[in-house]
Every structure is written in structure tokens, then in C-alpha cells.
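Read off the chains here:
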Amino acid sequence: MKSNSPVISFPPHLPFLSRSRTLKTLLFSAISSSSSLHQLRQIHALIHLFGLHASSLLVAKLLRRLSDLGIVPPNPYPSLLFSQVPSPNSFLWTAFIRSHSFSSPLSIYLLMRRQRPPPPPLSFTFSALLKSAQSISEGIQIHAQTISMGGFDSDLFVLNTLIDMYIRSNHVTNARQVFDEMRVRDILSWTSLVVAYSRIGDMDSAAELFEQSPAKDVVSWTAMVGGYSQNARPREALTVFKRMQASGVAFDEISLLGAINACAQLGTSNYAIWIRQVVDRVAVRKSGLVGSAMVDMYSKCGLIVDAQRMFLEISEKDVYSYSAMISGLAAHGRAADAIALFEEMVTTTDVRPNRVTFINVLTACSHAGLVEEGRRYFSLMKKKYRITPDADHYTCMTDLLGRVGFIVEAHELVQSMPVEPNAAVWGALLGACRIHVNPEIAKIASERLFQLEPEGIGHYIVLSNIYASAGMWDEVSKLRKIVRGMGLRKNPASSWMESGDGVIHEFFAGDELHPRSKEMKETLEYLLGRLRLAGYVPVLRSVVYDVSDVEKERILKGHSEKLALAFGVLTTGVRDVIRIVKNVRICEDCHVVMKMASSVIEREIAVRDNLRFHHFRNGVCSCCDFW
DNA sequence: CTAGGGTTAG
């Protein structure tokens with residue numbers, strides 16, 4: 001908590017004229033650095049004391065700070081301040097309009113126009129109006145007004161705001177049209193569109209514009225790094241991040257976030273170590289912003305101990321830091337620690353959990369099968385914290401109930417939930433049906449999924465796998481036909497790992513693309529041979545094709561995480577942890593192989609699946625075979 | 001004085 005009041009020191013030796021200007025400057029910066037209504041009122045009193053309450057400059061600044069603190073009409077304070085200025089200039093009118101952005105900025109504008117003589121509107125008077133436009137048509141009207149005033153038709157500031165208005169209402173094409181018609185553009189025009197394209201997932205258009213933009217600064221570079229990372233293209237994100245550094249633009253805290261997140265997605269430990277060095281160079285590690293991202297990144301890279309260490313180093317822990325840590329512990333199967341941290345947060349700090357925190361806590365319960373605790377937190381969230389559960393929370397509950405086998409109850413929950421179940425909810429139910437082989441409810445869930453996400457080829461495959469596990473081969477072949485008709489899968493299952501030099505090696509089921517493929521095959525055969533001696537029997541039911549047992553065994557051997565395991569054995573030191581990242585859930589057979597391998601070859605193996613970690617040590621897994 | 005922002009279920 002900042003409790004220091006702004007200090008206004010007055011240099012008495014200055015001549016009177018400059019004293020007045022200096023005083024204004026001092027008061028002005030005091031307003032900027034104020035952090036509470038109480039302080040603002042004190043400064044306001046000072047302004048009165050010095051007879052400066054008619055200053056448009058100071059009052060405009062006060063208004064702006066007030067809206068930052070959420071003090072806007074109908075709170076009378078802004079109007080009171082405004083009314084004390086006998087002849088407000090255009091700047092103050094604009095500030096007053098802006099402070100009404102959530103009520104009726106247009107009515108203030110009309111009031112301004114009715115003054116005699118009317119203060120000339122400024123470009124950012126219109127920008128303030130445009131910013132608060134509730135709809136496209138209102139925005140277009142305001143823009144027409146702007147043009148009719150003359151002199152603004154090619155105003156950069158107005159046009160940039162117009163672009164933003166279109167982007168805010170998801171009309172990227174219109175924004176692009178404005179952009180294309182601009183005779184003069186600045187870096188903000190370019191960046192706005194780059195961001196707009198990346199938000200709609202069109203990174204190729206974003207990149208094209210970015211490359212064309214004549215100037216690049218830390219913000220526009222960051223937009224690209226963040227864009228790639230938010231669109232699940234971590235390698236490109238890091239490439240752009242490195243290019244930014246090479247171009248001589250210094251990065252700041254915000255620009256690091258995209259890069260940290262990209263490393264989290266890659267999930268490999270060398271990138272974790274690399275980004276830590278980058279972060280340490282600017283010594284912002286203890287900030288909550290970077291700290292939370294780092295906690296998340298370490299967790300996702302399997303370095304949970306480093307995540308915890310990082311968490312402790314954050315100087316001002318907020319709900320993001322706690323949520324990131326809880327989510328990390330959950331992903332590593334440490335439900336008890338995740339819950340303990342949540343309890344510590346609510347009992348020993350002022351940090352209030354938000355909806356995401358509860359998603360994290362419920363996920364922790366889910367990964368450990370803690371049904372009763374999950375129910376308790378679900379109701380605590382409503383009763384004590386007044387957070388209305390949304391579809392995401394119901395997804396967690398459906399997953400929690402379904403995962404332990406309460407499929408009927410999970411289905412009832414989905415049917416009775418007060419918000420419309422979305423694809424994630426039905427997906428959780430379908431996932432539960434896969435684990436516990438319940439083709440009846442799976443059929444219900446997947447029919448809804450086919451409606452909600454008709455392009456989601458994965459749902460057909462999961463349903464088909466459930467039918468396969470239940471031996472319903474007629475149904476399987478019907479679904480296979482549909483899947484074939486839909487074309488190739490966009491995201492095939494793959495596993496990847498890093499060799500010591502930071503190169504990422506990716507493997508696909510049954511592929512022989514890697515230059516060391518032959519060696520890997522031999523290594524795997526040798527390893528499986530040793531496992532067989534220790535009692536390994538391939539889990540044939542992990543294969544969801546109706547083929548012979550010999551063929552099933554051949555398919556199992558080709559699973560990408562086994563290829564990665566072989567590659568890891570070949571290329572890493574005997575004391576290194578073999579770290580594998582996988583983009584889908586690990587299958588039962590691979591899980592058995594990893595467990596046994598960890599004891600037979602005395603190596604620690606860590607596999608990150610699409611949602612959690614498996615740490616294999618001495619023949620057991622941290623997930624206790626519940627995943 | 002408008003452009004980039006950490007935690008999120010299947």
C-alpha cells in the first residue's frame with residue numbers, strides 16, 4: 001500500500017510569474033501521482049487555496065484522475081469541479097466529455113456547442129466521443145459530425161480512433177478500409193491493425209502489415225510477439241522476440257510476457273532457463289506481472305520447484321500470482337498443496353480469489369479425484385465470494401464428477417446448470433465417458449458437440465474410440481467414414497523434446513522422419529525387451545483400431561511419446577531428467593512404459609500432456625495412475 | 001493522448 005501523500009515543495013526564491021507556472025506544474029504532477037480520492041481532495045483544496053480553481057488545465061487533469069479512480073457521473077464530484085471553472089476551454093470540455101464516457105458524452109458535447117461563443121472542438125474532443133460510441137452506427141454518426149466541423153477529415157488522431165472503434169466492435173475489414181484510405185499513418189495506425197488481425201487469429205495478415213510498417217517500436221514488436229504466442233505459435237513468437245532485440249529495440253516488462261508465454265507453450269527446460277536469463281537482465285523478475293508469467297512458465301516447463309521459488313520472490317503477490325501458482329501445483333498433481341495455498345491466500349492476505357482462481361482450485365480437485373472438496377469450493381465460491389459460476393466452472397465440476405466415474409451425476413449437472421452448457425462442458429462429459437467407457441452418455445454428449453463445433457473432427461474420433469473400447473465396431477466404422485469425409489486432421493498428435501543445444505525435435509506417431517530414426521527404433525526395441533523381462537505386457541486396449549494383436553502392438557510401439565523416450569535415452573546424460581511434451585493425453589500403454597522405464601533404466605521421466613504433468617520416478621507416477 | 005499486458009476448464 002502506498003500511503004505517502006504527494007509532497008508539494010515550493011521553491012520560494014523564484015520570481016512571481018514563474019512561481020505561478022511552477023506551482024501549476026507542481027500541482028499537476030501531484031495530481032498524476034495521487035493514488036486515492038482522499039489525496040485528490042487534498043490537492044483540490046490546495047488548488048483552491050492558491051486561487052487556481054479556474055485553471056482548465058488543472059481541473060481537466062483532476063477529472064482524468066477521478067475517472068481513473070472510477071469516480072464518474074452520476075457521482076457529483078466531476079460536475080462540481082467543472083462548474084467552478086467560469087470559462088472552460090476546449091481541453092476542459094473534452095475532459096468533461098471523457099468523464100461522461102459511461103453515461104452521456106454526447107449531451108455534454110451538445111452543451112459545449114451551445115456555448116456562446118462555442119469553444120472550438122479539438123481532434124481529441126471527437127476522439128473522446130468516438131471512444132464511447134455504443135454502436136457502429138453511433139460511431140459513424142459521430143464521425144460524420146466530426147467531418148462536418150471541417151478540418152478533421154484527414155486528422156490522424158480522429159482516424160486512429162475510428163480504426164479502434166471498428167476494431168472494438170469486431171469490424172476489422174472496415175478498420176482496414178479506413179487504414180487504406182489514410183494519407184498519413186503513424187505507428188499507432190499500423191499497430192492497431194496488427195493487433196486486430198492477431199486477435200482474430202489471422203497472424204499472416206498481421207505479419208504482412210508488420211513487415212510493411214515503416215517504423216517499429218517496442219509496442220509494435222510486442223504486439224507481434226504476443227500475437228504469435230496467443231495464437232499458439234510459440235516458435236515464431238520467440239523468433240520475433242529475438243529479431244526485436246537484434247533490431248536494437250530494448251524490451252520492457254510487457255514485451256517479455258509474450259516471450260515468457262511462448263516458452264511456457266514449448267514446455268522445454270532449456271527455454272525456461274534461457275528466458276530466465278533474459279528476464280534477469282532487466283531485473284523485473286519480482287514484479288507481479290512478469291513474476292506470474294514466470295511462475296506459469298516454470299510450471300508448464302515441468303520445473304515446479306523453480307516455479308515455487310519464483311512465486312516466493314514476487315514482492316507484491318496478487319490474485320494472478322496466486323492463481324498461477326495454484327494452477328501449477330494442480331497440473332503437477334499436487335492438489336493438497338494447491339488447496340493449502342488457496343487457504344493461505346484467503347486467510348493470511350487481502351487477495352480475493354476471482355473466477356479464474358476457482359477454476360484453478362476446482363481443477364486441482366479434479367486431477368486428484370477430490371470430489372467432496374471440489375463440491376465444497378464450488379459452493380464456497382457462490383456463498384462466500386458471491387461469484388456466480390459460469391460455464392467454465394461447470395466444466396470443472398463436470399470433469400471432477402465424471403473423472404471419478406459419477407457419469408450419471410455429471411450428466412445431470414450438465415442438464416440442470418443455469419447457464420447454457422457450451423462445448424467445453426459437453427467435452428468434459430465426453431472425456432469422462434472415454435475414461436469410464438460409457439457409450440450411451442457419450443452419444444448424447446457428442447451429438448451436442450457435433451452441433452456446437454461441427455468442424456471439430458476430434459469429437460468424432462473420441463466417440464469412435466469409446467465405441468471401439470466398448471467393442472461396438474459397427475458404430476466405429478460408421479464414424480470412421482464420417483471422419484474420412486472430413487479430411488485430414490489439422491493437429492496430429494505429436495510429442496517433442498529438446499536436445500541440449502536448444503533444438504526441438506518433434507515426433508509423430510509411427511514416423512521415421514528423424515535422421516536418427518533407425519537408432520531410436522533399436523533403442524526402443526532394446527528398452528521394451530528389458531521391460532518385458534520385468535513383466536511388461538502391452539496394453540492392447542489402448543489401440544482403438546479393430547486389428548490383430550500383432551498389429552496393435554506395432555501401433556503402440558509407434559506412439560510419439562515412445563519415440564521421444566527413445567530419443568531422450570539416446571541423447572541426454574544419464575543423470576538428466578527426460579522431459580517430453582505431448583499435445584494430447586498420454587495413453588495407458590505409454591503410461592505403463594514410462595513408469596516401468598523410470599525404474600528399469602533408473603531415469604526420471606517427465607511427460608507434459610495437454611493439461612498436466614506426469615513425473616515418473618522409480619516405477620511410479622505422480623498422478624497415482626489417475627489422469 | 002489514442003497502439004502491446006500476467007492466472008482460465010474438454
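Being a predicted model, the structure only gives us computed values, none of them experimental.

(A) Here's a closer look at the packing of aromatic side chains. Per the stated rule, a full pass over the model turns up 17 aromatic pairs. Taken together, a centroid distance of 3.9 Å and an interplanar angle of 0° make the contact between F82 and F96 stacked. Residue F82 is located in helix α4 (residues 77-83), and its partner F96 is located in helix α5 (residues 90-99); the two are separated by 14 residues in the primary sequence. Looking at F82, the relative accessible area reads 10%, which means it is buried. The exposure class of F96 is buried, given its relative accessible area of 5%. Taken together, the aromatic side chains of F241, F251, Y271 and W274 make up a single cluster linked through ring pairs. Against the face of Y77 rests R41, its NZ or CZ located 4.5 Å from the ring centre.

(B) The arrangement of helix α28 (residues 473-486) in detail. Helix length check: α28, at 14 residues, gives a terminal C-alpha distance of 20 Å against a target of 20 Å (1.5 Å per residue), a fit within 8%. Within α28, burial applies to V476, L479 and V483. Buried residues in α28, looked at end-on, bunch into an arc of 70°, giving them a common side. Facing away from the buried side of α28 by more than 90 degrees, the exposed set consists of D474, K478, K481, R484 and G485. Where the residues of α28 are buried, they touch α27 (457-469).

(C) Seen up close, the UniProt feature "repeat: PPR" (unreviewed entry) in chain A. Residues given the UniProt feature "repeat: PPR" (unreviewed entry) here are residues 155-189, 217-251 and 318-348. Helix makes up 74% of residues 155-189 and strand 0%. Its end C-alpha atoms lie 12 Å apart. As annotated, residues 318-348 comprises 87% helix and 0% strand, and the C-alpha atoms at either end are separated by 13 Å.

(D) Molecular detail of the pattern of salt bridges. One pass over the structure, following the stated rule, counts 27 salt bridges. Residue E211 is joined to R243 by a salt bridge in which the shortest nitrogen-to-oxygen separation is 3.0 Å. Placement of E211 in helix α12 (residues 203-212) and of R243 in helix α14 (residues 234-246) is noted, with a sequence separation of 32 residues between them. Assessed through its relative accessible area of 35%, R243 is described here as partly exposed. Across the pair E506 and R235 runs a salt bridge whose closest N-O atoms are separated by 3.6 Å. Of this pair, E506 sits in strand β2 (residues 504-508) while R235 sits in helix α14; the two residues are 271 residues apart in sequence, bridging distant segments of the chain. The exposure class assigned to R235 is partly exposed, which follows from its relative accessible area of 41%.

(E) Region of the structure containing empty space enclosed by the protein. Under the defined criterion, the tally for this structure stands at three cavities of 30 Å³ or more. When its volume is computed, the largest cavity comes out at roughly 40 Å³. Surrounding the largest cavity, G267, C301, G302, R579, I580, V581, A606, R608 and F613 form its lining. In terms of residues, the lining of the largest cavity owes the most to one element, strand β3 (residues 578-582), which gives three residues.

(F) Highlighting the protein's contact with DNA strand B. Not every one of the 52 residues close to DNA strand B is listed here, only the nearest: D217, G288, D318, Y320 and D392. If you look at DNA strand B and keep only atoms within 4 Å of the protein, 40% of those are sugar or phosphate atoms. The contact in question runs from a phosphate oxygen of DNA strand B to an N or O atom on the side chain of N261, over 3.2 Å. Here S327 contributes a side-chain N or O atom positioned 3.2 Å from a phosphate oxygen of DNA strand B. The leading source of residues in the surface near DNA strand B is helix α11 (residues 187-199), at six residues. In terms of residue class, the surface near DNA strand B is built from 20 nonpolar, 17 polar and 15 charged.

(G) Structural context of the packing of helix α15 (residues 253-266) against helix α16 (residues 269-282). Two elements in contact, α15 and α16, have axes whose closest approach is 9 Å; the angle formed by their N-to-C orientations is 165°. In terms of orientation, α15 and α16 fall into the roughly antiparallel class. Relative to α16, the crossing made by α15 is left-handed. Of the residues in α16, those touching α15 at L256, A259, I260, C263 and L266 are Y271, W274, I275, V278, V279 and V282. Partitioning the contact of α15 with α16 into residue classes produces 11 nonpolar, no polar and no charged.

(H) Looking closely at the environment of F126. With respect to the secondary-structure elements, F126 resides in helix α7 (residues 123-131). Residues F126 and V158, 32 residues apart in the sequence, show an inter-C-alpha distance of 6.7 Å. Ignoring sequence-local partners within four residues, the contact set of F126 consists of Y109, P121, I142, Q145, T146, M149, F152 and V158.

(I) Looking closely at the UniProt feature "domain: DYW" (unreviewed entry) in chain A. When the UniProt feature table is mapped to this numbering, "domain: DYW" (unreviewed entry) covers residues 535-627. A helix fraction of 37% and a strand fraction of 17% characterise residues 535-627, whose end C-alpha atoms lie 23 Å from each other.

(J) Layout of the sheet that holds β2. Here six strands make up an open sheet; going across it, the order is β2-β1-β3-β4-β5-β6 and the pairing mixed. Both edges of this open sheet fall to β2 and β6 (620-621), since each of them pairs with a single strand only. Two elements, strand β1 (residues 494-498) and β2, share five bridges in a ladder whose sense is antiparallel. Counted as the bridge partner of S494 is F508 from β2.

How each quantity is defined
- Residues numbered from 1 in each chain as written.
- Chains lettered and ligands numbered in written order.
- Predicted model: local features only at pLDDT ≥ 70, side-chain atom pairs only at ≥ 80, totals over all residues.
- Heavy atoms only, no water.
- Phe/Tyr/Trp six-rings, centres within 6.5 Å; stacked < 30°, edge-to-face > 60°.
- Helix = DSSP H or I, 4+ residues; strand = E, 2+ residues; numbered from the N terminus.
- Buried < 20%, exposed > 50% of the residue type's maximum accessible area, 1.4 Å probe, protein only.
- Lys NZ or Arg CZ within 6 Å of the ring centre and 35° of its normal.
- Expected span 1.5 Å × (residues − 1).
- Arc of directions from axis to C-beta.
- Contact = heavy atoms within 4.5 Å.
- UniProt positions renumbered as here; feature names shortened; annotations may be inferred.
- Salt bridge = Lys/Arg side-chain N within 4 Å of Asp/Glu carboxyl O.
- 1 Å grid on protein atoms, 1.4 Å probe; cavity = no way out; pocket = protein on both sides within 12 Å on 5 of 7 lines; lining within 4 Å.
- Points joined across faces, edges and corners; volume = space filled by probe spheres on them.
- Near = heavy atom within 4 Å.
- Polar contact = N/O pair within 3.5 Å; in protein donor to acceptor, adjacent residues only side chain to side chain.
- Nonpolar A, V, L, I, M, F, W, Y, C, P; charged D, E, K, R; others polar.
- Axes fitted to C-alpha atoms, helices over the stretch in contact; angles between N-to-C directions.
- Parallel < 35°, antiparallel > 145°, perpendicular 65-115°, else oblique.
- Left-handed = near helix turned anticlockwise from the far one by under 90°.
- Pairing = 2+ DSSP bridges.

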